[in-house]
Amino acid sequence: MNTQDLPANILDPNCPSRVIFQRIGDKWASLVIQVLGEGPVRFSELRKMVSVVTPKVLTQTLRALERDGLITRTVHAQVPPRVDYELTAMGESLLQPLSLLREWAESHVPTILEARDAYDDAQDEALLGSPSWAGRTGLPRG
């Protein structure tokens, strides 16, 4: 039986869909796809728009997305050479789901930051315990 005939199951560590899911979930890949949703972009423009990504990592991300059929790379015969990247039809099909995730993330920033602060405070309190004098004096804690 061919593996293409098997049902996809992202929870199966041997399923190719898991690798694809990891690629899409990569922070740089999802940002690149969203930037390219506006149309073809040159490497230098893409790097500015994504911000803080190194040229090496951006190149690796673009190659992986091209290999997966999500983007195309077009080299224009001119001096200096110009290279444009753009989404394929399959890449464009990711824009809506990524847009929903982006909206969710952006709208939940305050709540998540509050949860992080509360978690960190609880961890700090657990590590430090109650004030040392409370336990030694026999006074009630809290």
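Further up the page is the structure itself.
Here the structure is a predicted model, which is why all the values come from computation and not from measurement.

(A) Main features of the nonpolar core. Val32, Leu36 and Leu46 are the most contacted members of the largest nonpolar core, which has 20 residues in total. Every element with two or more residues in this core is listed here: α2 (27-36), α3 (43-50), α4 (55-67) and β3 (82-87). Top element by residues in this core is α2. It accounts for six residues. Setting aside chain neighbours within four positions, we find Leu46 in contact with Val32, Val35, Leu36, Val41, Leu58 and Leu62.

(B) Representation of unusual backbone geometry. Residue Pro80 is reached from Val79 by a cis peptide bond, and omega for that bond is -10 degrees. Although it is not a glycine, Val52 adopts a positive phi angle of roughly 55 degrees. Structurally, Val52 can be placed in the loop between α3 and α4. Taking the relative accessible area as the measure of exposure, Val52 reaches 77% and is therefore exposed.

(C) Focus on the pattern of salt bridges. Evaluation of the coordinates by the stated rule reveals three salt bridges. A salt bridge links Arg82 to Asp84, with the nearest nitrogen and oxygen atoms 2.5 Å apart. On the accessibility criterion, Asp84 (10% relative accessible area) is buried. For Arg102, the salt bridge goes to Glu106, with nearest N and O atoms at 3.0 Å. One end of the pair, Arg102, and the other, Glu106, are both in helix α6 (residues 95-107), four residues apart, so they sit about a helical turn from each other. Exposure remark for Arg102: the relative accessible area of 45% places this residue in the partly exposed category.

What counts, and at which threshold
- Residues numbered from 1 in each chain as written.
- Predicted model: local features only at pLDDT ≥ 70, side-chain atom pairs only at ≥ 80, totals over all residues.
- Heavy atoms only, no water.
- Core = buried A, V, L, I, M, F, W, Y, C linked by side-chain atoms within 4.5 Å.
- Buried < 20%, exposed > 50% of the residue type's maximum accessible area, 1.4 Å probe, protein only.
- Helix = DSSP H or I, 4+ residues; strand = E, 2+ residues; numbered from the N terminus.
- Contact = heavy atoms within 4.5 Å.
- Salt bridge = Lys/Arg side-chain N within 4 Å of Asp/Glu carboxyl O.

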